[in-house]
Amino acid sequence: MTDPTTPAPRPDEAPIPPAERVFIFDTTLRDGEQSPGAAMNLEEKVRIARILDELRVDVMEAGFPVSSKGDFDAVQAVARAVKDAGVCGLARAKRHDIEQAAEALQGAVRPRIHTFLSTSPLHRLHKLNMSEEQVLEAITDSVTLARNLCDDVEWSAEDGSRTEPDFLCRCVEVAIKAGATTINIPDTVGYTTPQEYQDLFARVMARVPTSDRAIFSAHCHNDLGLAVANSLAAIQGGARQIECTINGLGERAGNAALEEVVMALRVRRDTLPFRTRIRTEVLTRASRLVSSVTGFVVQPNKAIVGANAFAHESGIHQDGIIKNRATYEIMTPQSVGLEKTSLRLGKLSGSNAFRAKLIEMGYALGDNALTEAFARFKDLADRKKEIFDEDILALVDEGIAEAQNRIRFESLEILAGSKGPPKATIELLMDGQKAGAEATGNGPVDATFNAIQKLVPHRGKLLLYQVSAITAGTDAQAEVTVRLEEDGCTVNGQGTDPDTLVASAKAYIHALNRLAIKRLRTLPPEEGSL
Ligand code: KIV
Ligand code: ZN
């Protein structure tokens, strides 16, 4: 088994014996971005790419270059920014797609073209209208072209898990013959089960005589909640590359969560004797960055990176933890980058303590960003008795997001109560200019949104309005999520503040800023979608 893209181990990295090696292929920037509402701009993609590189993924899929100019530019920017990992661009089995992918990847240290074609009977008949022979010919042509442009070519059998095993073997054989170095058998619709998927890999690898010339890869969707289990089963069947995303982001119910696959392999090496190169202590930061960029909140009980993943509530558990952490913790918080600290910040804390706290939490802000974050922290500390780590994360993340936004929140006044219709008076900064409006509504949130709508007219339909408390207590920070839909585009906005109405206004404005970015990026469906 060879992989032309394998980076040499870094000086601080113990070499992994080839038999134990599992490659991690991250597709947060491609399949992850296909989640409705998770679109990212170029700068956001580069920020995520940098943290994926720091995490030491083996390959990151940066996008689908032919789908839009924005995607082409983003793949190109990621290819240039990434220093260690392989960078991959997706292409259908079409000449133009493959040539665009090759061009966007110029400048990558380790470029990879990922070309795919559906193989299942359902897709052949209803989507492609192609015979088996035509599919085989298209695989040969597309992989041959890709191999002429790039040494590292991955071929995927879309809907592979629902393909007749005999035909799948023929497809894999021709792809390897044409030069594919990685063969991916995706569970595109999240339909398979662990035993079935494991057997499929074992069977295909045993029956294709040239299977030792390629690395086999699993790509699982989570429609039945089995994506991680199926990925681990694929490894047991012979797969040595796992395709996954941070926080399990991805089309529909998402892809296999990178952090879960990696930690399962690390914690259960006794039954799964495999290793990845991932620096697991970067996982929490990567998760938070992806969440803040996409506006997809990580559920508190999410494995590995959820806010409660290392929290112990019951007295019996707390007692056990105090006596020996191993009683209720199967991995340490530090192993995933969560620093437990005794440093408690309050309104008397100075900027040095604040800086130390941020460093401890994995943030390295420049002087200006630090001064701004500290001012926001002081403002919060004046209004809130106790400041939790989550409050600090929220205010730093919000500051980063705010710097990119053209519409900014300035102030909000609400007149509410039982006597009359609630009235909101809002002030915004729009491209640096102050603007104000007043409106009434069916409740203070409705009045606030109506006032914003007066200043920023749009056709977005409100699909979701959700409030949650980040920490406990009546003075808790409220975290509001707003989802808007306009012409088939869905965006999420988030806002945090101890005042729920201010958090609501911020979330609405965040969503409007994202909608404006999305409008610029939208392409006709035949060009832009898979
Ligand atoms: O789910 C899938 O089949 C895909 C392919 C493009 C690899 O995302
Ligand atoms: Zn997919």
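Residues numbered from 1 in each chain as written. Chains lettered and ligands numbered in written order. Predicted model: local features only at pLDDT ≥ 70, side-chain atom pairs only at ≥ 80, totals over all residues. Heavy atoms only, no water.

**Some thoughts on the overall build of the protein**
In terms of regular secondary structure, the protein is built from 17 helices and 14 strands. Against the globule reference of 24 Å for 530 residues, the protein gives a C-alpha radius of gyration of 25 Å, in line with a compact fold. Principal axes of the C-alpha set define a box for the protein whose edges measure 75 × 60 × 40 Å. Out of the 530 residues belonging to the protein, those deemed buried represent 54%. When contacts within the protein are restricted to residue pairs at least 6 apart in sequence, those whose partners lie at least 24 apart make up 67%. Roughly 23300 Å² of accessible area belongs to the protein as shown, and the carbon and sulfur atoms make up 52% of that amount. Here the protein contributes 61 positively and 73 negatively charged side chains, and the mean placements of these two sets differ by 2 Å. (Helix = DSSP H or I, 4+ residues; strand = E, 2+ residues; numbered from the N terminus. Rg over C-alpha atoms; globule rule 2.2 N^0.38 Å. Buried < 20%, exposed > 50% of the residue type's maximum accessible area, 1.4 Å probe, protein only. Contact = heavy atoms within 4.5 Å. Areas by Shrake-Rupley, 256 points an atom, 1.4 Å probe, with all protein chains shown as cover. Lys, Arg positive; Asp, Glu negative; His and termini not counted. Charge placed at Lys NZ, Arg CZ, Asp CG, Glu CD.)

**Here we look at the pairing of strand β7 (residues 215–220)**
Of all 6 residues in β7, 6 are buried, a share of seventy percent or more. One ladder, built from 6 bridges, connects strand β6 (residues 182–187) with β7; its direction is parallel. When the sheet's bridge partners are listed, threonine 182 is paired in β7 with isoleucine 215. Crossover β6 to β7 through helix α7 (residues 194–207) is right-handed. Inspection of the sheet shows β7 paired to strand β8 (residues 241–244) by 3 bridges, in the parallel sense. Bridged to serine 217 within β8 is glutamine 241. (Pairing = 2+ DSSP bridges. Right-handed = clockwise from strand over helix to strand, strands pointing away.)

**Let's talk about the pattern of salt bridges**
As enumerated under the stated definition, the model contains 33 salt bridges in all. One salt bridge in this structure joins arginine 207 and aspartate 166, with 2.6 Å as the shortest N-O distance. Separated by 41 residues along the polypeptide, arginine 207 in helix α7 and aspartate 166 in helix α6 (residues 165–178) bring together distant segments of the chain. Residue classification places arginine 207 among the partly exposed positions, given a relative accessible area of 42%. (Salt bridge = Lys/Arg side-chain N within 4 Å of Asp/Glu carboxyl O.)

**Quick notes on the coordination of the zinc ion (ligand 2)**
Looking at the zinc ion (ligand 2), one finds its protein donor set to be Asp31 (OD), His219 (NE2) and His221 (NE2), positioned 2.0 to 2.1 Å from the metal centre. Of note, the zinc ion (ligand 2) draws all its donor residues from one chain, in the sequence arrangement D-x187-H-x1-H. Taken as a pair, histidine 219 and histidine 221 share a single burial class, namely buried. (Donors = N, O, S within 2.8 Å, 3.2 Å for Na, K, Ca; no water.)

**So, the packing of aromatic side chains**
Tallied over the full model, the rule gives 6 aromatic pairs. The interplanar angle of 85 degrees and the centroid separation of 5.9 Å between the aromatic rings of phenylalanine 449 and tyrosine 465 together place this pair among those described as edge-to-face. With phenylalanine 449 in helix α15 (residues 444–455) and tyrosine 465 in strand β12 (residues 461–469), the pair connects residues that are 16 residues apart, well separated along the chain. For the ring pair phenylalanine 449 and tyrosine 508, a centre distance of 4.0 Å and an interplane angle of 10 degrees mean the geometry is stacked. Placement of phenylalanine 449 in helix α15 and of tyrosine 508 in helix α16 (residues 500–521) is noted, with a sequence separation of 59 residues between them. Of the two residues, phenylalanine 449 and tyrosine 508, neither departs from the other in class, the shared state being buried. An aromatic cluster of at least three residues, connected via ring pairs, comprises Phe354, Phe374 and Phe377. Positioned above the aromatic ring of phenylalanine 167 is the side chain of arginine 124, whose terminal nitrogen or guanidinium carbon lies 4.6 Å from the ring centre. (Phe/Tyr/Trp six-rings, centres within 6.5 Å; stacked < 30°, edge-to-face > 60°. Lys NZ or Arg CZ within 6 Å of the ring centre and 35° of its normal.)

**Regarding the domain arrangement of the protein**
Often, the extent of an interface is quoted as the loss of accessible area upon association of its parts. Parsing the protein into structural domains produces domain 1 (20–294), domain 2 (315–401) and domain 3 (406–519). Domain 2 puts 9 residues into the contact, and the matching count from domain 3 is 9 residues. Summed over both partners, the interface of domain 2 with domain 3 comes to about 830 Å²; 53% of that surface belongs to carbon and sulfur atoms. Inspection of the region where domain 2 meets domain 3 yields 1 salt bridge. Taking the shortest distance from any N to any O, the salt bridge between arginine 383 and aspartate 497 comes out at 3.4 Å. On the surface where domain 2 and domain 3 come into contact, there are 1 residue pair in polar contact (both at pLDDT 80 or more). (Domains from an automatic or database assignment. Buried area = accessible area lost by both parts, 1.4 Å probe. Polar contact = N/O pair within 3.5 Å; in protein donor to acceptor, adjacent residues only side chain to side chain.)

**Some thoughts on helix α8 (residues 227–237)**
Within an α-helix, residues lying three or four positions from one another point in the same direction, as the helix has 3.6 residues per turn. Among the 11 residues of α8, 9 are classified as buried, and the element is accordingly described as predominantly covered. Within the span of α8, buried status applies to Ala227, Val228, Asn230, Ser231, Leu232, Ala233, Ala234, Ile235 and Gly237. Packing partners of the buried residues in α8 comprise β6, α7, β7, β8 and α9 (258–267).

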